[in-house]
Amino acid sequence: MSNIPTREAAIHMFTGRRVPITLVRGEGTRIWDSDGKEYLDFIAGISSDTLGHADAGLADAISEQARTLIHVSNIFYSEPQIELGELLIANSALDRVFFCNSGAEANEAAIKLARKWGIQNRDGGYEIISTNNSFHGRTLTTVAATGTAAYREPFGPPTPGFVFVNYDNIEQLREATTTRTAAIMLEPVQGEGGVNVPASDYLQQVRAWCDEQGILLILDEIQTGMGRAGTLWAYEQAGIEPDIMTSAKGLAGGVPIGAVLAKEHASVFVPGDHGSTFGGNPLATAAGAHVMHRLLEGGVLENAKARGKQLQRRLASLEDRHALVSGERGIGLLRGLELESDMAVDVANAAREAGLLVNPVRPDVVRFMPPLTVTEAEIDQAVDIVEAVLDSLEQS
Ligand code: PLP
């Protein structure tokens, strides 16, 4: 177990800086490093550990499935895949699902679907309008769809057919729409971009514009979905429905999975158009079905909603008492603390020292995304730690 950073440096491709701790064990919202230090985990696998760590029910569902059947490929039917698919369709506005293994793969499938739909229904038009600061994944086509140029520039010509406009700007969307446009692709709240919450009528206006133009709305709910928003899907709070939606991250509580869902009219794949060896395999979908049951019948969704409000209240209250804090934003249990200066890394480092894991998503924004099972006392404890950190940073 020793020297993990040195051993990693000798063998891994260096694709990103790591926080200098090795995490070895978790329980609920708590997690321990290899020195035995305990933390409150308000990163939760970047919004993925829906039920917290080492959840007994999820562990049972996974191990029972592992002892029964881990994988069969999509040449055959499998029961867990049908169960999770039916749960997703019954509890969303979408009619059809395709399973894959990650968020990027789900968005790849969504993009393929929208392009095929556009070629068939928009006279060959396959352009997708995406937004600046969006994040849709790291495959070649999902970086082409991602509104951060640095992620695509080193890799040669990007997949063509993407146009970028500012997020939360309906006028730019309207101006960018042409006969070539097949779809608009958005996150209901931008996660990696900095927990950017649009105006309350933005999604409704985008939906109305898509209807008027006869183009598709793709919502990337990979970070906001599966209860993170305080509702099962963030779009519910806007009172709209997407034509295509993607999910991943929290869908199976930390087991790799992805899904693209579509309305019947947008569901244009035919046999041979798309596929995946592991996509929707029995192990991942048994985990996903367990997570869905716990969200819907186990009180987890209600908890996420209540705890989201509590976290919002407590983070918002910091602004009055701390010169370093300029505000708070977010949805449900995906929240950002806005700082007056670029001190998010300092806050996250000091919080970690004090036993709280939070993510400096932007130089001036600290992101909070605890498991949806987080308790009232844990939210209070986490914000108390942040307060103490702010006190000491303000004094130094
Ligand atoms: N879309 C959104 C909104 C995301 O937040 C992410 C990951 O952060 C992705 C797509 C990519 O998901 P993955 O890392 O599973 O490929």
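The structure under discussion appears in the preceding block.
Residues numbered from 1 in each chain as written. Predicted model: local features only at pLDDT ≥ 70, side-chain atom pairs only at ≥ 80, totals over all residues. Heavy atoms only, no water.

## Looking at the site of the ligand
The condition is simple: A single heavy atom is enough: if one lies within 4 Å of a molecule or strand, its residue is considered near that molecule or strand. Two N or O atoms count as a polar contact when they lie within 3.5 Å, although within protein this holds only if one can serve as hydrogen donor and the other as acceptor, and sequence-adjacent residues are included solely when both atoms are side-chain atoms. Only the protein chains shown count as cover for residues, and all accessible areas are computed by the Shrake-Rupley method using a 1.4 Å probe. Secondary structure elements follow DSSP: runs of H or I no shorter than four residues count as helices, runs of E no shorter than two count as strands, and numbering proceeds from the N terminus.
The environment of the ligand is formed by 13 residues, the closest being Gly 103, Ala 104, Asp 220, Gln 223 and Lys 249. At a separation of 2.7 Å, a nitrogen atom of the ligand approaches a polar side-chain atom of Asp 220. In this structure, Lys 249 approaches the ligand through a side-chain N or O atom, which is 3.0 Å from an oxygen atom. Surface burial for the ligand is 82%, taken as the share of its 390 Å² of free accessible area covered by protein chains. Per-element accounting of the shell around the ligand gives the leading share, three residues, to helix α5 (residues 103-121).

## Digging into the layout of surface pockets
To be explicit about the condition: Lining residues are defined by having an atom within 4 Å of a point belonging to a cavity or pocket. Those points lie on a 1 Å grid over the protein atoms alone, cavities being sets where a 1.4 Å probe fits but cannot get out and pockets being open sets with protein on both sides within 12 Å along at least five of seven lines. Grid points are joined across faces, edges and corners, and a volume is the space filled by probe spheres set on the points. Each residue is assigned to one class: nonpolar for Ala, Val, Leu, Ile, Met, Phe, Trp, Tyr, Cys and Pro, charged for Asp, Glu, Lys and Arg, and polar for all the others, Gly among them.
By volume, the second largest pocket amounts to about 770 Å³. Of all elements in the fold, only α4 (79-90), β4 (96-100) and β10 (258-262) reach the threshold of two or more residues within the lining of the second largest pocket. Broken down by element, the lining of the second largest pocket gets its largest block of residues, five residues, from α4. Its residues assigned to classes, the lining of the second largest pocket shows 16 nonpolar, seven polar and four charged.

## Remarks on empty space enclosed by the protein
Applying the stated criterion to the full structure yields two cavities of 30 Å³ or more. Roughly 50 Å³ of volume is contained in the largest cavity. Taken together, the residues that form the lining of the largest cavity break down as five nonpolar, nine polar and no charged. Roughly 40 Å³ of internal volume is contained in the second largest cavity. Forming the boundary of the second largest cavity are Ser 47, Thr 50, Ile 222, Gln 223, Gly 225, Met 226, Arg 228, Gly 250 and Leu 372. When the residues that make up the lining of the second largest cavity are grouped by side-chain class, the tally is three nonpolar, five polar and one charged.

On their own, these measurements won't tell you what the molecule is for.
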